[in-house]
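# Notes for the structure review
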Amino acid sequence: MIKNTLINQISKIKFVQKIFKGKATILMLHRISPLNHQKIPANENMKVSPEFLEDFIIKAKSQGYRFISVDSMYEGLMNNTLEEKSLIVTIDDGYKDNLEFGYPIFKKHQIPFCIYVCTSFPENTHNMWWFALEDYLLKNNRVNLLGEFLNISSKESKQEAFLKFREIIIANSNNYEDATGIMNQLGIFYDPRDYDRLALKYEEIRTLLKDELVTIGNHTHTHPIFSNLAQEEIIADIKKANSAFKTHLNHTPKHFAYPFGSRIEVKKEHFELLKILGFKTAVTTRNGHIYPQHKNFMTCLPRVFVTENFELQSTFRLRKKIIITD
């Protein structure tokens, strides 16, 4: 507690913020949609509302920030021309609300953005088990978790149960496709096709690609946990996604987002692999900002997770490492 208070106080010093904010920030989003406070926070926290997104853009521009594409960031780093106060918008997975609610705002304000698409989404072979889990918990006030009966009549208890179930599902799944069997073992039965409506389709992605503001990146096919797979399995999954992009969009992505991108799930050998596979950049979920030195670490770039009421300045904090490189 004392340590956190001290870090918070030191992080408010302008000199410290100047050091830790770097040259640029890669923003990480997932969904852009009106919030539903009746839902479970763990899922809702993956959203930002359209109103918040537009307010954030307007405020950032008024403070002198400029929004650039992931390609412009790459060129700026490689040529040592990346300007300070640059922001790069990236969005993971490929939800339809990116088009429905996000695109009109980005278009209105001329904001470049990159959607890292998991190709099982537009192919309707995905398994959005986290929504099925949410629906199951919302419908029940008492559930059985591995022989332990949980009373989940309150919103808080449903959130707690969601996190417990999620931990078990992720720990026992190599990718999203594996989750059905784990869910069934936990007594949760559902049809993954019930959630197809939430995913972008290829024709919609094709329309987005016609706009110069839009970059489409690779987010694998099955959204696997790299640390659980052999290298050849990872390569096969990435190549399957690339083949789908080429077949349906005549597009070969040059930018990549790791499906699970913390230090636990991706390591140095994965960063090297992405270089070999020819990607210009690859982004993690490691928290940090972009510095000129990242030109030598283009396949392990950190990002900042954007949630509702997010404030960019709050991320300019004292850290153990100034530059995230592994």
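This text goes with the structure placed above it.
All values reported here derive from a predicted model rather than from experimental measurement.

### Re the state of the cysteines
When the sulfur atoms of two cysteines share a covalent bond, that bond is a disulfide. For the structure shown, the criterion picks out 0 disulfides. No disulfide involves Cys-114; its sulfur sits 14 Å from that of Cys-118, the nearest cysteine. Distance from the sulfur of Cys-300, which forms no disulfide, to the nearest cysteine sulfur (Cys-114) is 17 Å. Looking at Cys-300, the relative accessible area reads 3%, which means it is buried.

### A look at the pattern of salt bridges
With the rule as written, the count across this model stands at 15 salt bridges. Note that Lys-107 and Asp-211 form a salt bridge whose closest N and O atoms lie 2.9 Å from each other. Of this pair, Lys-107 sits in helix 6 (residues 97–109) while Asp-211 sits in the loop between helix 10 (202–209) and strand 9 (214–218), and the two are 104 residues apart along the sequence. Take Lys-107: its relative accessible area is 38%, and that puts it in the partly exposed class.

### Quick look at the side chain of Asn-127
Checked against the element boundaries, Asn-127 lands in the loop between strand 6 (113–117) and helix 7 (129–139). A distance of 2.7 Å separates the side chain of Asn-127 from the side chain of Tyr-190, its partner in a polar contact. Residues contacting Asn-127, with those up to four places away along its chain left out, are Tyr-176, Glu-177, Ala-179, Thr-180, Tyr-190 and Pro-192.

### Thoughts on the packing of aromatic side chains
Counted by the stated rule, this structure contains 17 aromatic pairs. Ring centres of Trp-129 and Trp-130 lie 5.7 Å apart, and the angle between their planes is 85 degrees; this geometry places the pair in the edge-to-face category. A residue is classified by how much of its surface remains accessible, and Trp-130, at 9% relative accessible area, is buried. Members of the aromatic cluster, each reached through a chain of ring pairs, are Tyr-95, Phe-121, Trp-129, Trp-130, Phe-131, Tyr-176, Tyr-195 and Phe-260. Between the NZ or CZ atom of Arg-31 and the centre of the ring of Tyr-95, over which it lies, the distance is 5.2 Å. The side chain of Lys-85 reaches across the aromatic face of Tyr-65, ending 4.7 Å from its centre.

Conventions we followed
- Residues numbered from 1 in each chain as written.
- Predicted model: local features only at pLDDT ≥ 70, side-chain atom pairs only at ≥ 80, totals over all residues.
- Heavy atoms only, no water.
- Disulfide = S-S within 2.5 Å.
- Buried < 20%, exposed > 50% of the residue type's maximum accessible area, 1.4 Å probe, protein only.
- Salt bridge = Lys/Arg side-chain N within 4 Å of Asp/Glu carboxyl O.
- Helix = DSSP H or I, 4+ residues; strand = E, 2+ residues; numbered from the N terminus.
- Polar contact = N/O pair within 3.5 Å; in protein donor to acceptor, adjacent residues only side chain to side chain.
- Contact = heavy atoms within 4.5 Å.
- Phe/Tyr/Trp six-rings, centres within 6.5 Å; stacked < 30°, edge-to-face > 60°.
- Lys NZ or Arg CZ within 6 Å of the ring centre and 35° of its normal.

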